[in-house]
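# Chains, contacts and geometry: an overview
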Amino acid sequence: MPKEIFSREYEFLARDLLLSFEEIARVAALSVRAGVEKVRITGGEPLLRTDLEHLIAMLGGIDGLREITLTTNGTLLSAMALPLAKAGLDRVNVSLDTLRPERFARITRLGDLADVWAGIMAAEDTGLTPIKINTVVMRGFNDDEVVELARLTLEHSWHIRFIEPMPLGSSVPWEPDRCVLASE
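First, a word on scope: everything that follows refers to the structure included in this document. (Residues numbered from 1 in each chain as written. Predicted model: local features only at pLDDT ≥ 70, side-chain atom pairs only at ≥ 80, totals over all residues. Heavy atoms only, no water.)

### Notes on the overall build of the protein
Of the regular secondary structure elements, the protein holds seven helices and five strands. If you list the helices and strands of the protein from N to C, you get α-α-β-α-β-α-β-α-α-β-α-β. Looking at the protein as a whole, 34% of its 184 residues qualify as buried. Residue pairs in contact within the protein that sit at least 24 positions apart in sequence constitute 71% of those at least 6 positions apart. Taken as a whole, the protein presents about 10,900 Å² of accessible surface, with 55% of it coming from carbon and sulfur. (Helix = DSSP H or I, 4+ residues; strand = E, 2+ residues; numbered from the N terminus. Buried < 20%, exposed > 50% of the residue type's maximum accessible area, 1.4 Å probe, protein only. Contact = heavy atoms within 4.5 Å. Areas by Shrake-Rupley, 256 points an atom, 1.4 Å probe, with all protein chains shown as cover.)

See below:
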């Protein structure tokens, strides 16, 4: 999250106001009864939630639920891929906007691209497939990497999705001319 937004606009819920794993599983079970067949765990960053593999196991016990997916930034995935797979996670989506370490460091402010890459490889090794890579393409920032990112699908059985950016509050200027639209 951009530093300007994080520091000024968002107040995070107190931990006791977050849904418990039991509450999440109950909502999921009711949703499955209403016809939902797939559940995606997302966030913020879901891998920050302690004992996430317990939630995955609880969801895996819901009759009629065909798929459990997790969307992550991938930085903690290398350590979590095996426990999550053993708990019943089916696959992962990883948000990855660049393959260049210096750009990655600029986007994340604290992240290391090597950690994400290790997470993706761990996910592949543990069968959390097909892996889907989500990339927000921005003109003049990472649009020069589109072919390189797409090429990953030739080297691995991954899927890549180029997605449009979302405006994230008033602290960061919205620059529509930098957006690469899906139609492009």
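Continuing now.
### What to know about the packing of helix H4 (residues 77-87) against helix H6 (residues 113-125)
H6 packs onto H4 with a crossing angle of 15 degrees between their chain directions and a minimal axis gap of 7 Å. By the criterion of interaxial angle, the relationship of H4 to H6 is roughly parallel. Where H4 crosses over H6, the handedness of that crossing is right-handed. Facing Leu77, Ser78 and Ala81 of H4, the residues of H6 in contact are Ala118, Gly119, Ile120, Ala122 and Ala123. (Axes fitted to C-alpha atoms, helices over the stretch in contact; angles between N-to-C directions. Parallel < 35°, antiparallel > 145°, perpendicular 65-115°, else oblique. Left-handed = near helix turned anticlockwise from the far one by under 90°.)

### Re the sheet that holds strand E1 (residues 38-41)
The strand order across the open sheet built from five strands is E1-E2-E3-E4-E5, with neighbouring strands paired in parallel fashion. With one partner strand each, in any of the chains shown, E1 and strand E5 (159-163) form the two edges of the open sheet. The sheet shows a mean angle of 20 degrees between the axes of neighbouring strands, taken without regard to direction. (Pairing = 2+ DSSP bridges.)

### Observations concerning the packing of aromatic side chains
Enumeration over the complete set of coordinates arrives at one aromatic pair. Ring centres of Trp117 and Trp158 lie 5.7 Å apart, and the angle between their planes is 75 degrees; on these two criteria the pair is classed as edge-to-face. Pair noted here: Trp117 is in helix H6 and Trp158 is in the loop between helix H7 (146-155) and E5, with a separation of 41 residues, a long-range link. Of note, Arg103 hangs over the ring of Phe141, and the distance from its end group to the ring centre comes to 5.8 Å. (Phe/Tyr/Trp six-rings, centres within 6.5 Å; stacked < 30°, edge-to-face > 60°. Lys NZ or Arg CZ within 6 Å of the ring centre and 35° of its normal.)

### So, the pattern of salt bridges
Enumeration over the complete set of coordinates arrives at seven salt bridges. Linking Glu37 and Arg66 is a salt bridge whose minimum nitrogen-to-oxygen distance equals 3.4 Å. Linking Glu37 in the loop between helix H2 (21-33) and E1 with Arg66 in the loop between helix H3 (52-60) and strand E2 (67-72), this pair joins segments that are 29 residues apart in sequence. Take Glu37: its relative accessible area is 40%, and that puts it in the partly exposed class. Between Glu145 and Arg103 there is a salt bridge whose closest N-O contact spans 2.7 Å. Remark: Arg103 occurs in helix H5 (residues 101-108) and Glu145 occurs in the loop between strand E4 (132-136) and H7; sequence separation between them is 42 residues. Note on Glu145: relative accessible area 0%, which makes it buried. Sharing partners across several salt bridges, the network here consists of Arg100, Arg103, Asp144, Glu145 and Glu148. (Salt bridge = Lys/Arg side-chain N within 4 Å of Asp/Glu carboxyl O.)

### Considering H4
Within H4 the residues assigned to the buried category are Leu77, Met80, Ala81, Leu84 and Ala87. Projected onto a plane normal to the axis of H4, the buried residues spread over an arc of 140 degrees and lie on a single side. Residues of H4 that are exposed and angled more than 90 degrees away from the buried face: Ala79 and Lys86. Summarising the contacts, the buried residues of H4 are in contact with H3, E2, strand E3 (91-95) and H6. Of the residues flanking the end of H4, it is Gly88, one or two places downstream, whose phi is positive at about 120 degrees. (Arc of directions from axis to C-beta.)

### Quick look at the side chain of Thr135
Relative to the assigned elements, Thr135 resides in strand E4. If we skip the residues at most four places from it in the chain, Thr135 touches Leu96, Asp97, Asn142, Leu149, Ile160, Arg161, Phe162 and Ile163.

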